Structure formats: C-alpha cells, structure tokens
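Architecture at a glance
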Amino acid sequence: MKKIIALTFCFMIALCSWAQDGLHVKDVFEGNIVGKEQLKETFIKGEMLASYRLSLLRTIKFTATEEQRKKIEQLVEKDIEGVFKSHSDNCEMERRNNHLYYAIVQLPDQNARHRYLCFQGKKNGEQTAITLVYMEGSASLTDLKKTFKK
C-alpha cells in the first residue's frame, strides 16, 4: 500500500512539473525562486473541476522579498508578452505603483486544451504576497472571469 501511495505521489509531482512545460514561471512552481518549503500549494485534477470546465488547477501562494518579486514579475511578463502582442483580448493586466498587481492570460493551447496563467501580487512594505495559478481545460477566458467573479 505504501508503494502505491509513493508511486502516486511521484506521478503527481511529475504531472505538476509537466503541466507548466515551456513557461518561464515553471521555475517558480518548482520552488527555484522561492524555496519549496515556503510555498502553499494546491493541486487539483479531474472530476472536482468538471463543473468549471477545467481538468487541472495548480495554485501556489507565498510571500516574496523585493528581489524575488522582481524576478517573478519578469518571468510572468515573459510568459504574457507574446500573447499580449498577438492576442491582447486573451490577456488582462493591471499595474499599481510600477509593479504588476494582477494578470490573467490565456496561453497558447497545448494538445487541444486551453491553458491559463493568473498572477496577483499584493505589496506590503518590503514583502509581497503572491498567488500564481495555472489552469487547463475547455473553459474560455470569459467563462473563467465569470466563474471567479462570483
């Protein structure tokens, strides 16, 4: 039984890592910018998301130093940059005091699945509370905006 649980856990870690392939923010999700021990992570896959028309949801929350915040904003902006230039209607961003505060972007589809990246950074003094979300599924960006504004 322990082997099955360990194998399942290893599979989930591999799946989490694979989902963000090709994204600059993959380093953040893997704990390479802010240590894994500081990340509060949620990973949901499957039937629990069906009513949202999603198949995968991965969220990380953490508090970043000023240096970490700058690096993470740069990575998010690199992932958003191409989408914003070619399909600005698939990207929504807000800046406050010269810092990225909020972003939601529909990334290029992968294997016929829509992919989304969301960022929120609430600055509090020298630290910033950051939430980073990666989602996959058949939901449109409009669907997600309606769902999460409830």
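The coordinates are above.
Before going into details, it helps to say that this report is about the structure given with it.

Cut-offs applied
- Position labels on residues start from 1 in each chain and follow its written sequence.
- With pLDDT at 70 or above as the cut-off, local features in this predicted model cover only qualifying residues; side-chain atom pairs require 80 or more to be listed or tallied, and sums for whole chains, interfaces and linings still use all residues.
- Derived side-chain values reflect all non-hydrogen atoms in the structure, with water molecules and hydrogen atoms excluded from consideration.
- In this description, a nonpolar core means a group of buried Ala, Val, Leu, Ile, Met, Phe, Trp, Tyr and Cys residues linked to one another through side-chain atoms lying within 4.5 Å.
- Per-residue accessibility, obtained with a 1.4 Å probe over protein chains only, is compared with the maximum for each type, and a residue is labelled buried under 20%, exposed over 50%, and partly exposed between these values.
- Working definition: helices are DSSP H or I runs of at least four residues, strands are E runs of at least two. Numbering for both runs from the N terminus.
- A contact between two residues is defined here by any heavy atoms of the two lying within 4.5 Å.
- Counted as salt bridges are all cases of a side-chain nitrogen of Lys or Arg within 4 Å of a carboxyl oxygen of Asp or Glu.

Here we take up the nonpolar core. Core analysis: the biggest nonpolar cluster contains 25 residues, and V25, F62, I72, V76, F119 and L132 have the highest contact counts within it. For this core, the elements supplying multiple residues, two or more each, are α2 (26-29), β2 (54-64), α3 (66-86), β4 (99-110), β5 (113-124) and β6 (127-137). Per-element accounting of this core gives the leading share, five residues, to α3. If sequence neighbours within four positions are ignored, L132 has contacts with V25, V28, F29, R58, T59, I60, V76, L117, C118 and F119. Residues L57, Y116, L141 and L144 belong to the second largest nonpolar core, which totals eleven residues.

What follows covers the environment of T42. Residue placement: T42 occurs in strand β1 (residues 40-45). In this structure, the C-alpha to C-alpha distance between T42 and R58, residues 16 residues apart in sequence, is 5.6 Å. Apart from the residues within four sequence positions on either side, T42 is in contact with L57, R58 and T59.

The next thing to look at is the environment of F29. Summarising the element assignment, F29 is placed in helix α2. The exposure class assigned to F29 is buried, which follows from its relative accessible area of 0%.

The next subject is the pattern of salt bridges. Inspection of every chain in the model, using the stated rule, returns eleven salt bridges. Where E41 meets R58, a salt bridge forms, and the shortest distance between an N and an O atom there is 2.6 Å. Within this pair, whereas E41 is found in strand β1, its partner R58 is found in strand β2, the two being separated by 17 residues in sequence. Across the pair K145 and E92 runs a salt bridge whose closest N-O atoms are separated by 2.8 Å. Remark: E92 occurs in strand β3 (residues 91-96) and K145 occurs in helix α4 (residues 141-148); sequence separation between them is 53 residues. Salt bridges linked by common partners bring E66, R69, E73 and K123 together as one network.

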